[in-house]
Every structure is written in structure tokens, then in C-alpha cells.
Amino acid sequence: MEQFDFTTLINRGNAGAVKWQRRTQQEKDAHIIALSIADMELPVAPCIREAIIRAADGVYGYTNPDEPYFAAVRGWMERRHHWSGIQNDWIVCTNGVVPALNFAIRAFTKPGEGVMIQPPVYGPFAKSILTNERLLVENSLVFDDTGYHMDFDDFESKAADPNTKLFLLCSPHNPVARIWKRNELERIAEICLKHHVLLVSDEIHGDFDYDGKHITMATVSPDIANNCIICTSTGKTFNLAGLQLSNTIIPNPVLREQFRNQISITGCSNIPYFGYAATIAAYNDGEPWFDALLKHLRDNADYLEEFLTAHFPQVRLFPLEGTYLAWMDWRSLGLSPEELAIFMRKKAGLILGEGTMFGKQGAGFERINLAAPRAIICDALERLRVAAKSEGLI
Ligand SMILES: Cc1ncc(COP(=O)(O)O)c(C=O)c1O
């Protein structure tokens, strides 16, 4: 028997789950499957469940991180990412990474100043820039037969514009699933240093590095550590997004002060009580569960690859180096992005991550969330096959 449960089907339909709520009543009645938003359809790690049950018997008062909390975060970063020497006061808590990105944008830039991203990329990057009335600067990723790459010349020309102040790196990259190599990280970090562009490295997917190759930006060099802030969280790793707690690690004291000031003007000064308990349990005791999860995800990814090769050989699947979100190019089917969306949702009864959610560069692509029991993945893929057959697409 498997040591951990990655097979039980959990109905989240009446639990306020955003992914499942975003269906019309008709779609709910038709049991449309959502493999869209990046949370997992899997039971929580037993050590976290136990910690939450213990906490449930406690007092739910105002809570702040203390030594056991910081030690758990430091220990995880050291063991999993070889980042030693993190000081407690470098670790700044927010209610999520997206809030942290917004704090960073407001702390380090003024309205009208440029913030650079690399689309196709996680939609809230662009949204955070635009809602804060900053200028969206796009350094689109490029791809060829070998996969996605950064366009360094374009990156440097945009970083060199004195109006560009901040760069939001997605590492590993959602949705293209790349783990950036050391030489890629060094190059963009050096360009940022040269042109005084501050680097925010969103590493929320950093633990999902199947081959252990993710490098946290802060360890690339001391100069770079001084010019970057690192966003981490148990939200993705242990599926705790609903507990609303993440850790932004900021080695540079001046940047830290600016970032903390932004939090303080919102009036937020404490952290969620259950998030506190869950984070300590996850980082101290959750490694065996997480390693088993990685294997489950890898198996799902292999299954997807075999399925596409067998039934949709014309659909290009990009290698899943990091994240649990697989990125596929569906353009060879000859459907417009609108037709593709109708095919997925109305014909196949599936909600995936539509490519354009990640920018115009994603048109004709789809992202599938593989963090689910295999039975759900099989059901979803079978729906695709049946719909494509009946539409004469395969
Ligand atoms: C790159 C990236 N950053 C941030 C988030 C969300 O972070 P949080 O839920 O902590 O706000 C996601 C969720 O999918 C993500 O993919």
C-alpha cells in the first residue's frame, strides 16, 4: 500500500473552492471537470492535518511568527534549496505571494514606472502592475524545438530604459514549466544589477523541481542576494492556499524596510493562526509526504505524455521541469483560440487554464493542472479524446 493517499476523490463543490465555483449551474449539473486554478485535488499531508486538529483545540488569538516558525522556514530553505544563513528578520510574512507582489510593486516603484515580466506568465503579474498604475514592460519568452528560452537582448534593452525599475521573475516558470538554469539566472541578475533594476523572484513553485535543479535567486551571488526579494510559500507545496500565509525573504535591510512599510500602511500586522501551525508542521515534518507527492505528479505527467503521444500526436507538450502545471500547444488543430475554448469547455466538458490568461503569447495554448488523483486526470483526458473524435479533429 502507498504510504500516502493521492487517490481519494474529494468533492469541493460546496466548500467555496474557487476552481469549482467558477462553473455555471449548468456546468455544475453536467459535472464539468476543472483542472485550472493551481491548487490540488488531494488530501492534505497527515502531519498538517494533525497540527490543525491540535491547533483547533487551542485559542485562536492574534498570532505572529516566532522562533519555531522561523526555524521551520530556515530549515526548509536550507535542506531543500541550500540557502543557509537566512536571518529571522529577513522573513516577512504576507497573506500570500500575490499580496507580496503588490506590496513590492508599491514599495519599489512609483506610478508610471516600468515593471518587467516574461509572458506568457501567471496572469496576476500583469494585473498587479496595471492595477497599481505602473507601466507593463513585456520581455516575451521565445520558444523553438528545444523549448522556451529567455530573450536576453530584448531583456537588456528593456532593463536599460531608466524608467524600468522592477522585474518580476517567475522561477520556476508558470505556465511554461521551465526551471531556469544557473547561467540564465546569472545573466538576468547581472543585467538587473547593471541597470539598477530590482529583482522580485516569485519562487512559489520552487519546491516542484523534479530533478532537484531549482536554484533560488538569492544563492546565485551575494550581490544578487542584495538586489532581490524571494517569494516562497507552503501554499503550493503543501496545498495550503486557503490558509493565506507566505514568506517573503529579503536579505537587504533597506529593501526590507521599504517592503515592511507597505505592509504596515495596510494595517496588517499579524498572521493567520492556522497558517502558523500548518507551516511549522509542513516544513518540519512534511518532507516524506512532499517527496511522495512529487512522484505522484511525475507519474501523472508521464501519463499525460503517453496519452498525447497516442491520441494527439500533433499537440506539443512542453517538458515539465518544474510546477505541476503542464503547458500544451494546441494550435495545430486549426482552431481559433475562441474555438479552442469552446471545444474544451462545451464539447469536452473540461476547464483548463486557457492560454490567453497568461497573456496574448498564450493564444492557442492550454495549461493542465496535474495535481489530482489519477482517476480525475484519466477522466479529463478521455473526455478530450471522445470530444475530438466526435468533432472530427483526430
Ligand atoms: C507564480 C505564482 N505566483 C503566485 C501564485 C499565488 O500565490 P498566493 O496564493 O500565495 O497569492 C500562483 C498561483 O498559482 C503562482 O502560480
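Residues numbered from 1 in each chain as written. Predicted model: local features only at pLDDT ≥ 70, side-chain atom pairs only at ≥ 80, totals over all residues.

1. Topic: the domain arrangement of the chain
Considered domain by domain, the chain is made up of domain 1 (18-45 + 287-388) and domain 2 (48-285). Averaged C-alpha coordinates put domain 1 and domain 2 at centres separated by 25 Å. Taken together, the contact between domain 1 and domain 2 spans 27 residues of the former and 30 residues of the latter. Put simply, the parts of the chain that give the side of domain 1 that touches domain 2 at least two residues each are α13 (287-311) and β12 (325-329). Residues of the side of domain 1 that touches domain 2, tallied by class, amount to 16 nonpolar, 7 polar and 4 charged. (Domains from an automatic or database assignment. Contact = placed C-beta atoms within 7 Å. Helix = DSSP H or I, 4+ residues; strand = E, 2+ residues; numbered from the N terminus. Nonpolar A, V, L, I, M, F, W, Y, C, P; charged D, E, K, R; others polar.)

2. Considerations on the nonpolar core
Counting 115 residues, the largest nonpolar core has Leu-199 and Val-200 as the members making the most contacts within it. With 8 residues, helix α12 (residues 273-285) is the single largest residue contributor to this core. Apart from residues lying up to four places away in sequence, Leu-199 is in contact with Phe-167, Leu-169, Ala-189, Cys-192, Met-217, Asn-227 and Cys-228. (Core = buried A, V, L, I, M, F, W, Y, C linked by C-beta atoms within 7 Å. Buried ≥ 20, exposed ≤ 12 C-beta atoms within 10 Å, placed from the backbone.)

3. Observations concerning the site of the ligand
The environment of the ligand is made up of 13 residues, and the closest members are Ala-38, Gly-96, Val-97, Val-98 and Tyr-122. Each residue belonging to the shell around the ligand can be placed in one class, and the counts come to 7 nonpolar, 5 polar and 1 charged. (Near = placed C-beta within 6 Å.)

4. Structural notes on the sheet that holds strand β15 (residues 365-369)
Pairing in this open sheet of 4 strands is antiparallel, and the strands run β11-β12-β15-β14 from one edge to the other. Edge positions in the sheet fall to β11 (316-317) and β14 (353-354), since each of these pairs with one other strand and no more. As paired strands, β14 and β15 are joined by 2 bridges and run antiparallel to one another. From the neighbouring strand, Gly-353 faces β15, where its bridge partner is Arg-367. (Pairing = 2+ DSSP bridges.)

5. Structural notes on the environment of Ile-52
Within the secondary structure layout, Ile-52 lies in helix α3 (residues 46-56). On the neighbour-count criterion, Ile-52 (17 C-beta atoms within 10 Å) is partly exposed. Separated by 221 residues in sequence, Ile-52 and Tyr-273 have C-alpha atoms that sit 9.7 Å apart. Each residue touching Ile-52, except ones within four places of it in the same chain, is listed here: Phe-274, Ala-277 and Ala-278.

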